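# Results of the structural survey
So the chains spell out like this:
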Amino acid sequence: MNAKDDRDEGGPEGALRNEDPGESREAGPEAAAARGSGASEGARADDGAAREAQRDGAAEDDGAAEGEDDEEGDAEPEPPPRPRGPSMWDILRDSFFTFDRRTLGFTRILLGFFLIGDLFRRSWAWSDMFADIGVLPNHVNLWRPQGGGNFSLVNAFSTPGELWVLWAVIFVTYVCLLIGWKTKLMQVLSLVFVTSMNGRVLLIENGGYVVHNLLLLWTCFLPLGDRFSVDALLASLKRSRERTADDLNDRSTLDDPRKPDAYVTVLGPVLLIQLSAIYFFNVVHKTGPAWKNGTAVHFVLYVDRMVTPIVADIRDYAPNFLILFMTKMVISFEAAIPVCLLSPIGRVWARRLTLVMMNLLHVGFGMTFVLGPFAWALCVFSTLLIGREDWEIAARTMRRMHRARVALFDPRSPGAVLACRVLKRMDRFGLLTFEASSSAPYGLSVRRPGGEAAEGAAALADIVAAIPLGPAVAWALRLPLVRDAATAAMAAAHRRSLGRALGARIPERSEIAPPPAPLRLAGRKALATLRELAVLVMFVGAVNQAAVELWVIKNRWKVPHPEPTRVLSQKLRFLQGWFMFSPNPVMDDGTVVVDAVTVDGRHINPFTGEPPNFDLLHVKSFAYTQIWCDYFARIKLPANTSYRDAMKEYIYRYPERTGRPEDAIVSGEVYWVKDWNPKWGSTESYGEEREKLFIFQNPKAQARAQAEPPPAPGAPAEPPSPAN
């Protein structure tokens, strides 16, 4: 939100600033009539130009025309022309090609939080998935590639130590993206890291990973650091150097004039088409009877490998009408979202409705199932639909005049002056007025509307409450212990001139940096053109990938897949297969169960650390993460048998993970255990089956078991093995 949004641009000062003084003197009553009519500035300019042309034409007339001018002098002035409406390009630009830079900054913040959360989600299986001691060591992945030449930077890291260093680098990158420092570089690095992690083990890939990749791809073309970022703050501080209170109270230089709120790009329609495709093709592929009769949600709720434990506990009590309603709601939302996204009619409210539907849909998915990044990535995607009108409503709603304060600062303190320069840029509502005062306690204090003074933590809390979203954290500064600590810190910083010690300096003079050189501006335009071309190239690759991957297209037409477009879409897994729970939802449930025998004769499942449980009928959620859920579902497939040797090696290393030598695995069997979800109207699963995938024997552990002496007489007997 810009401070300029809160100023009255239509007042007398603005009108005088946009007038031509010569025209005002010559036009006389006509100009006054035009101003009084309430016409727009553009219409007044057009009217003035028309009158100037009339005067020029009149000067070329002969003497007879001059006599006619005397007769026309007494005539009534012509009314000004009516303002012209927006052109077709204006409508298309605003509807499809424009993002608000404030929206992009807000999306960047949510994207940073989302990426950090996703990184921690992976942390529980970080070494299990990516290290050479995991289920798919990188040497196996390189010799038996899972995809068509997909790229993964993670293949360069083998040991757990190396991978945890990589984890730290990724974490720092995400934090820098969150705060907006070196934003464009962090966007590119985040794209490489995300696609590398998602492409490293395709056994755990699902549609959510593809959406995750696409989110990073398309936002990489957007200037996410132009608002609400460290980059924007540093650029503003460099562009405008304030020294006095008058300079601080001038808000006209807050934002770069070359970067207005409206950002026009060809990515606008591309992104709308991408989001529309996700929902449209998910709808058209749902052709099964469970979607048509409204029972689909019932079957999905009983997939224990996917549902969360809370849902497993309450699903039996869901009434049938609620299940039918939720199924129809899912279909209706997925069908309505593309229409609202692409509709130029009622654009503002259509986008708001889309925003609500997307978040209701995916927050529900995210709280119910373990789908990885799918739901939350689309929630972040949805924030790109926030428009200028929404920011204006937010500004009017959040701007409260009772939070207005006069910030008193010591003009001799570099730290206080720097703090006020930063606060000016954070005060997007214009609620802070700056005033120089050599007697300001701690270098910075506050005068409230009633004239009451505040200092220390109380003043800091008032200042924080005046900036956007500040009230959410300002209350903490008023807590007793926090208040005392903040006041003591402010006193110590002022007494020791901490700002000067950290390099803060009062500007020698107030100044505004000159505009960039023409050559630099030309270079920026060239880069912008290349960026727009890159968007179109990637869009071509996306369309071609969709044509060869989506069932409704490839089953009807044979679309060629040239090598260049295949590389664009598959190298970093920018896929377009949108058929979630299609054509029918998942009707069966299943998981991998390992019955392993330890060196001391116990039966254990190395993936759970407990005895193997084959009773799938009475399970209430396996409480798996998405990573293990999809790994088990994929390793059972015949196409993935080449990766089972790596799974055996992972099982053999079980005692290394527990730190107990007696957990060494001697032999075992691996089963795929499945059952059928309850029929409509029932809550009991049925038809349990076991399929033996493979058996294994560990020669090293067997040799150790044979070499160990038998238990001494009188030693306690081994506990009986749990029944299968």
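Coordinates for the structure precede this section.
Every value quoted in this text rests on a predicted model; they were computed, and no experiment measured them.

Scanning the protein from N- to C-terminus turns up 34 helices and 12 strands. With 724 residues in all, the protein has 47% of them scored as buried. Sequence separation of 24 or more characterises 78% of the internal contacts of the protein that already satisfy a separation of 6 or more. Entry remark: accessible area of the protein is about 36,000 Å², with carbon and sulfur atoms responsible for 62%.

Attention now goes to the packing of aromatic side chains. Inspection of the entire model under this criterion finds 24 aromatic pairs. Here F607 and W628 contribute two aromatic rings whose centre-to-centre distance is 5.5 Å and whose plane-to-plane angle is 65 degrees, an arrangement assigned as edge-to-face. Here W628 lies in helix 31 (residues 626-635) and F607 lies in the loop between strand 10 (603-604) and helix 31, a separation of 21 residues in the sequence. Considered together, F607 and W628 belong to a single accessibility category, that of buried residues. Note on W628: relative accessible area 13%, which makes it buried. Grouped by ring-pair contacts, the aromatic residues F607, F622, Y624, W628, Y631, F632 and Y650 constitute a single cluster.

In a beta sheet, neighbouring strands pair by backbone hydrogen bonds and run either parallel or antiparallel. Pairing is antiparallel in the open sheet, where four strands are placed in the order 10-9-11-12. Across the chains shown, the open sheet's two edge strands, defined by having one partner strand only, are strand 10 and strand 12 (686-697). In the sheet, strand 9 (residues 588-598) pairs with strand 10 via two bridges, with the strands oriented antiparallel. Along strand 10, the bridge assignment pairs V597 with H603. Set on the sheet, helix 32 (residues 644-652) makes contact with strand 9, strand 11 (665-676) and strand 12; between it and strand 12 the angle comes to about 80 degrees.

Each pocket or cavity is described by its volume, and for the second largest pocket that value is around 980 Å³. E205, N206, G207, D630 and R634 are, among the 35 residues lining the second largest pocket, the residues nearest its centre. Per element, the largest residue contribution to the lining of the second largest pocket is five residues, and it comes from helix 31.

A few words now on the side chain of Q187. Positionally, Q187 belongs in helix 11 (residues 183-200). Classification of Q187 by relative accessible area gives buried; the value is 3%. Polar contacts involving the side chain of Q187 include one to the main-chain carbonyl oxygen of T219, which spans 2.6 Å. Contacts of Q187, omitting those with residues within four sequence positions, involve L177, T219, C220, L222 and L224.

So, how was this worked out
- Residues numbered from 1 in each chain as written.
- Predicted model: local features only at pLDDT ≥ 70, side-chain atom pairs only at ≥ 80, totals over all residues.
- Heavy atoms only, no water.
- Helix = DSSP H or I, 4+ residues; strand = E, 2+ residues; numbered from the N terminus.
- Buried < 20%, exposed > 50% of the residue type's maximum accessible area, 1.4 Å probe, protein only.
- Contact = heavy atoms within 4.5 Å.
- Areas by Shrake-Rupley, 256 points an atom, 1.4 Å probe, with all protein chains shown as cover.
- Phe/Tyr/Trp six-rings, centres within 6.5 Å; stacked < 30°, edge-to-face > 60°.
- Pairing = 2+ DSSP bridges.
- Axes fitted to C-alpha atoms, helices over the stretch in contact; angles between N-to-C directions.
- 1 Å grid on protein atoms, 1.4 Å probe; cavity = no way out; pocket = protein on both sides within 12 Å on 5 of 7 lines; lining within 4 Å.
- Points joined across faces, edges and corners; volume = space filled by probe spheres on them.
- Polar contact = N/O pair within 3.5 Å; in protein donor to acceptor, adjacent residues only side chain to side chain.

Coordinates in, geometry out; function isn't part of it.
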